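# Geometric and topological summary
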Amino acid sequence: MQNQHLTRGLQCLYLSAYIVISACATQTFQHDERPNSPGIQANNQNPISESYQLTFTGKRSGEAYFDTKSERLIFQAEHLADNPFYQMYTMNIDSGKATLLSDGTGKTTCGYFHPQKNLALYASTHLDPEKESKQKDEIISRAHGKKKRYAWDFDLHFDIFAKDLASNQLTQLTKAKGYDAEGAYSPDGNWIVFGSNRHAYTGSLNEEDKATLSKNSAHFMEIYTMRHDGSEVQRLTHEAGYDGGPFFSPDGQRIVWRHFDSSGHQAEIWTMKTDGTDKKQITDLKAMSWAPFYHPSGEYIIFTTNLHGYKNFELYIVDTEGTKTPKRITDNDYFDGLPVFAPRGDLLNWTATNTQENTSQIFIAKWDHQKALQLLGLPSEELDAEPVASPPTKDKQFQALKRHVDNLCAPEMAGRKTGTPGEALATDYVAKLFKAHGLEPLEGNKGYFETFEFRAGTSVGMQTHLKFAIGNEASELEQEKEWAPLEFSENGSIDVDSFIFGGYGIVAPEQKLKGFSYDSFPENKTLKDKWVIVMRDMPQNLSDAERQHLLPFSSLRAKAITARDFGAKGIIFVTGPLSPFKKDVISLKQSRGHSQGGIQALMLGREQAAKLFRAAGKDLNEIQSILDKGQKTENFILKNFSFSGHIALERETRQGRNVIGKISGSSPNRKTVIIGAHVDHLGEGSHSSSLSRNLDADPIHHGADDNASGTAIMLALAEAFSQKKKDNPESIKNDIVFAAWSGEEIGILGSQHFVNQWTDKSDSRRLKNGQTVLAYVNMDMVGRLRENLILQGIGSSPFWKPLIQEANSKNKLPIRLNSDPYLPTDATSFYLKGIPVINAFTGAHSDYHSPGDTPDKINYTGLNRIANLLKTVVDHLSQTNEIPHYVAKKAKKRKSGRGLRLYIGTVPDYAAAKVKGLKISGTSAESPAAKAGLEKGDIIIELAGKQINDIYDYMHALNALKPNKTVKIRVLRNKQKKELSITPQLRE
């Protein structure tokens with residue numbers, strides 16, 4: 001970590017972890033019409049509400065102060081490539097555009113607006129003759145990854161300057177040797193209070209003080225005042241220990257500051273009169289309390305403290321007399337500090353590390369003064385009674401979004417499964433709206449539709465049957481109950497009267513786990529033209545490591561491939577009598593599989609398997625007991641029976657269709673931006689991707705959030721920009737292509753078809769019409785805004801962060817960023833073609849991929865706000881001449897654990913701040929997690945004795961467990977450790 005970070009001379013920002021796993025998860029947030037503020041205690045007494053991240057650009061930003069009108073901020077940030085140190089910037093909070101105020105050299109800190117004149121002061125080292133060499137040395141140091149223990153740099157060349165914001169004239173106000181900074185104007189603008197250690201360099205020090213100065217110059221910091229022109233300097237404090245971070249009270253009569261004890265480890269908040277008299281200690285927390293700032297009412301002070309741990313800085317308020325108990329405002333696992341009120345008193349900004357990179361950025365929120373008074377037990381102010389405001393009028397866009405979601409989830413749409421009449425109705429709906437809004441079809445397309453073929457799955461043909469005979473007894477087996485062919489089976493006749501028993505059918509080398517291997521066919525590697533019978537899963541009584549090792553080799557397909565490679569003609573799977581599976585056979589009715597495995601394969605029910613083994617004089621129960629203990633059994637032949645029949649599987653191919661329309665830009669050199677959302681969902685009834693355990697009440701997977709919500713925003717944007725072009729044809733310079741993709745739920749097929757058909761083979765970022773694709777904007781599951789909107793894929797281009805910053809300054813949404821461009825949605829089709837992407841997402845929920853994903857649970861106010869944000873983003877893309885730079889990233893290596901065989905029912909919190917462990921936003925109903933007592937907000941830190949640092953540790957540990965065996969799970973709940981018992985279940 002670098003040695004410069006926060007200012008007003010304090011300590012470092014401590015990094016916390018942020019988990020945004022961009023995988024299609026099984027769960028998300030509950031409905032909430034108004035999103036909570038991220039990182040703020042969610043209760044009715046908290047004065048903070050509607051917080052959002054203001055700055056996104058640069059390595060870090062922080063310590064921001066409002067101007068008198070509460071419209072602009074002055075702050076410090078690291079934005080420059082050739083200068084790693086903070087420079088001073090200004091920003092209008094409604095535009096989000098940062099403007100460099102300092103000259104870009106040296107170091108700067110502690111800016112402050114003049115209350116009446118168009119001036120700003122800040123401290124700078126730009127007059128340091130060695131500034132350039134210091135910049136280069138710091139760049140080299142950071143490039144080599146050198147970490148330094150944090151210490152604010154009390155550079156002797158820091159002096160205070162005032163800059164005329166109109167003429168850019170810079171006036172030096174201090175020139176004494178030593179560190180002069182931490183300046184702020186008085187309310188009338190006539191005085192400046194600041195911190196300095198100048199007396200340590202101008203006065204006489206004894207030997208002990210000289211030694212202290214060489215090690216810790218901060219020890220000599222004191223509070224000074226001076227006239228606004230730098231004259232009449234007066235020293236106000238003389239006590240041993242750091243005194244700094246001073247500000248005037250709103251009436252200009254007092255000064256608040258922080259005072260460190262001589263050890264430098266504890267600080268308290270103090271106030272005094274402007275002449276240095278009447279010093280009062282306001283806090284006595286015996287912690288590091290600092291960065292105090294008055295509320296404009298003058299009734300209380302907000303400050304930062306690590307009362308709850310050295311790494312856990314939080315915001316507190318305290319009355320100005322210090323007679324009340326300080327009250328906590330934030331409660332987070334990351335840094336919150338440097339709080340500042342707007343002069344009008346209804347806004348608060350502060351610096352926090354609640355960001356993707358764990359580095360500091362500026363956050364802003366509404367502040368409720370009355371709640372703050374109540375929290376402190378201070379008399380509330382008498383307010384003029386105001387009439388109760390009527391509910392806000394729902395605008396045209398709001399109503400359109402709701403109408404689109406309702407229509408796409410109508411019963412006749414039947415879940416919009418690709419290739420079904422429901423999908424046809426949904427795509428017809430989109431096409432009619434494209435036509436109504438005046439969008440054009442793409443050149444070469446016949447209308448708005450673009451069809452593609454896909455493998456719809458495997459179904460059982462009429463000729464498929466199986467007869468089982470023992471002696472003179474023969475019976476036709478009932479499909480789906482007593483037997484079932486597997487989707488990867490080869491077709492053909494079955495006529496067999498003997499099987500080779502191959503135990504669990506696993507052959508696993510020892511390369512992944514030294515000293516452990518497993519071979520179900522040690523003496524029978526040649527199974528040519530024979531049938532083999534094996535049990536499902538793997539031995540039950542293995543160690544966690546052994547189970548993890550066997551997992552890739554224990555699937556049905558893996559075992560079938562092993563048998564095929566040994567020459568077997570066919571394979572039968574049986575569910576062992578001691579196995580925890582509830583179902584004997586796997587249904588093929590809703591299979592989406594289409595591939596063939598080169599071997600005939602089927603499953604046999606438990607009862608039929610038991611008869612088969614008894615006919616051969618064997619006891620499968622006894623055999624499984626031996627195998628489950630880790631002992632091996634020899635392969636043997638089962639006979640005295642016969643199977644005859646036929647497998648006739650039909651591989652079905654269907655057509656899906658995308659809907660694509662375009663608004664043409666006015667520029668002769670126009671480029672293309674593509675806006676998309678998938679319109680398809682899972683359809684109705686049983687489905688291999690369905691997470692519902694009860695389809696009796698409602699068999700339709702409505703897909704309101706996934707992804708009627710994203711399609712609704714896409715349609716709203718199409719309407720908005722078509723109207724914009726009608727109003728002013730020159731206002732849209734680049735082409736905007738709008739697309740409703742199908743086939744997303746079965747492998748992003750529609751968007752892949754589009755990019756393969758429309759991009760130039762020699763330059764995949766260029767369309768066949770010669771236009772360059774600027775970027776792709778995707779919306780997938782944006783209907784459940786509660787805590788945060790997650791913008792994924794921003795690592796695909798540096799273009800995104802400044803655009804998001806400016807767009808969100810207008811829209812003020814709680815946003816989290818995720819860099820990973822490898823997403824389980826249509827954005828990946830474009831990213832792999834070299835196109836920068838961004839995907840909007842509001843998190844997974846317990847209704848995901850179930851019939852419970854219905855329109856009544858959509859947060860339409862949030863959906864409308866997201867539409868407005870994306871409208872700003874697309875508007876910029878529609879007019880820019882800049883071609884966003886594409887960043888090629890390697891896909892992250894994941895720990896083993898995909899293809900989970902066990903089910904617990906936790907709901908990952910995909911918008912959680914970085915934490916060590918796996919934070920959950922809830923549990924699925926009636927799941928093992930719910931029964932165990934896990935709750936929203938719990939952070940899983942240990943599962944069955946395995947430490948959990950992230951979702952991959954969790955998946956790895958989960959796959960090592962045994963089904964139906966109760967284990968201990970440890971969580972952090974409200975920062976207290978709690979141990980629960982949980983019983984995982986097998987996935988069917």
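Whatever comes next refers back to the structure up there.
Residues numbered from 1 in each chain as written. Predicted model: local features only at pLDDT ≥ 70, side-chain atom pairs only at ≥ 80, totals over all residues. Heavy atoms only, no water.

This model, assessed by the stated rule, comprises five cavities of 30 Å³ or more. For the second largest cavity, the calculated volume is near 80 Å³. Lining the second largest cavity we find 13 residues, and of these Gly 503, Asp 519, Ser 520, Leu 627 and Thr 633 sit closest to its centre. (1 Å grid on protein atoms, 1.4 Å probe; cavity = no way out; pocket = protein on both sides within 12 Å on 5 of 7 lines; lining within 4 Å. Points joined across faces, edges and corners; volume = space filled by probe spheres on them.)

What follows covers the pairing of strand β4 (residues 87-92). Burial analysis of β4 places five of its six residues in the buried class, which makes it a mostly covered element. Two elements, strand β3 (residues 72-78) and β4, share six bridges in a ladder whose sense is antiparallel. Looking at the pairing, Gln 76 lines up with Met 88 of β4. Across three bridges, the pairing between β4 and strand β5 (residues 98-100) is antiparallel. Residue pairing in the sheet places Tyr 89 in a bridge with Leu 100 of β5. (Buried < 20%, exposed > 50% of the residue type's maximum accessible area, 1.4 Å probe, protein only. Helix = DSSP H or I, 4+ residues; strand = E, 2+ residues; numbered from the N terminus. Pairing = 2+ DSSP bridges.)

When you tally the buried positions in strand β12 (residues 222-227), you get five out of six residues, the bulk of the element. Of the pairings in the sheet, the one linking strand β11 (residues 191-196) to β12 comprises six bridges and is antiparallel in character. Residue Trp 191 lies in a different strand from β12, and its bridge partner there is Arg 227. The loop that links β12 with its antiparallel partner strand β13 (residues 234-235) comprises six residues; one of these, Gly 230, has a positive phi angle of about 95°.

With respect to the helices and strands, the residue Leu 578 is situated in the loop between β34 (570-574) and β35 (600-604). You can call Leu 578 partly exposed: its relative accessible area is 39%. Distance in space between the C-alpha atoms of Leu 578 and Asp 628 is 9.2 Å, their sequence separation being 50 residues. Excluding its chain neighbours within four sequence positions, the residues that come into contact with Leu 578 are Asn 621, Gln 624, Ser 625 and Asp 628. (Contact = heavy atoms within 4.5 Å.)

So, on to the pattern of salt bridges. Per the counting criterion, the structure on display carries 41 salt bridges. Of the charged contacts in the structure, one is a salt bridge between Asp 67 and Arg 72, with a shortest N-O distance of 3.1 Å. Judged by relative accessible area, which is 7%, Asp 67 ranks as buried. Arg 72 sits in the partly exposed class, given a relative accessible area of 27%. Between Lys 724 and Asp 875 there is a salt bridge; the shortest N-O distance is 2.1 Å. Taken as a pair, Lys 724 in helix α11 (residues 704-727) and Asp 875 in helix α15 (residues 860-879) lie far apart in primary sequence, 151 residues in all. Taking the relative accessible area as the measure of exposure, Lys 724 reaches 25% and is therefore partly exposed. (Salt bridge = Lys/Arg side-chain N within 4 Å of Asp/Glu carboxyl O.)

Glancing now at the sheet that holds strand β44 (residues 789-792). Strand order in this open sheet of eight strands is β25-β38-β42-β39-β43-β46-β44-β45, and the pairing throughout is mixed. Each edge of the open sheet is held by one strand with a lone partner, namely β25 (449-460) and β45 (815-818). Recorded for the sheet is a direction-independent mean angle of 20° between the axes of neighbouring strands. Pairing between strand β38 (residues 649-663) and strand β42 (residues 735-741): five bridges, direction antiparallel. Of the residues in β42, the one forming a bridge with Gly 661 is Phe 738. (Axes fitted to C-alpha atoms, helices over the stretch in contact; angles between N-to-C directions.)

This part covers the side chain of Asp 826. Looking at the secondary structure, you find Asp 826 in the loop between β45 and α14 (827-831). The buried charged residue Asp 826 lacks any salt bridge, with Arg 416 as its nearest oppositely charged partner at 11 Å. A polar contact is formed between the side chain of Asp 826 and the side chain of Ser 751, at a distance of 2.6 Å. Beyond its immediate stretch of four places on either side in the chain, Asp 826 contacts His 678, Trp 741, Glu 744, Ile 748, Ser 751, Tyr 776 and Asn 778. (Lys, Arg positive; Asp, Glu negative; His and termini not counted. Polar contact = N/O pair within 3.5 Å; in protein donor to acceptor, adjacent residues only side chain to side chain.)

Take the environment of Gly 241 next. Structurally, the position occupied by Gly 241 is in the loop between β13 and β14 (243-248). Taking relative accessible area as the criterion, Gly 241 reaches 0% and is therefore assigned buried. Leaving out residues up to four positions away in the same chain, Gly 241 has contacts with His 219, Met 221, Glu 222, His 259, Phe 260, Asp 261 and Ser 262.

This next bit is on the side chain of Asp 128. Tracing the backbone shows Asp 128 in the loop between β7 (119-124) and α1 (131-143). You can call Asp 128 buried: its relative accessible area is 2%. Beyond its immediate sequence surroundings of up to four residues, Asp 128 is in contact with Lys 134, Asp 155 and His 157.

Cis rather than trans, the peptide bond between Asp 706 and Asn 707 has omega equal to 5°. With respect to the helices and strands, Asn 707 occurs in helix α11. With a phi close to 65°, Met 781 is a non-glycine residue in the positive phi region. Residue position: Met 781 is located in the loop between β43 (773-779) and β44. Given a relative accessible area of 5%, Met 781 falls into the buried group. The phi dihedral of Asn 974 is positive, around 55°, even though this residue is not glycine. Relative accessible area serves as the criterion here: at 70%, Asn 974 is assigned to the exposed category.

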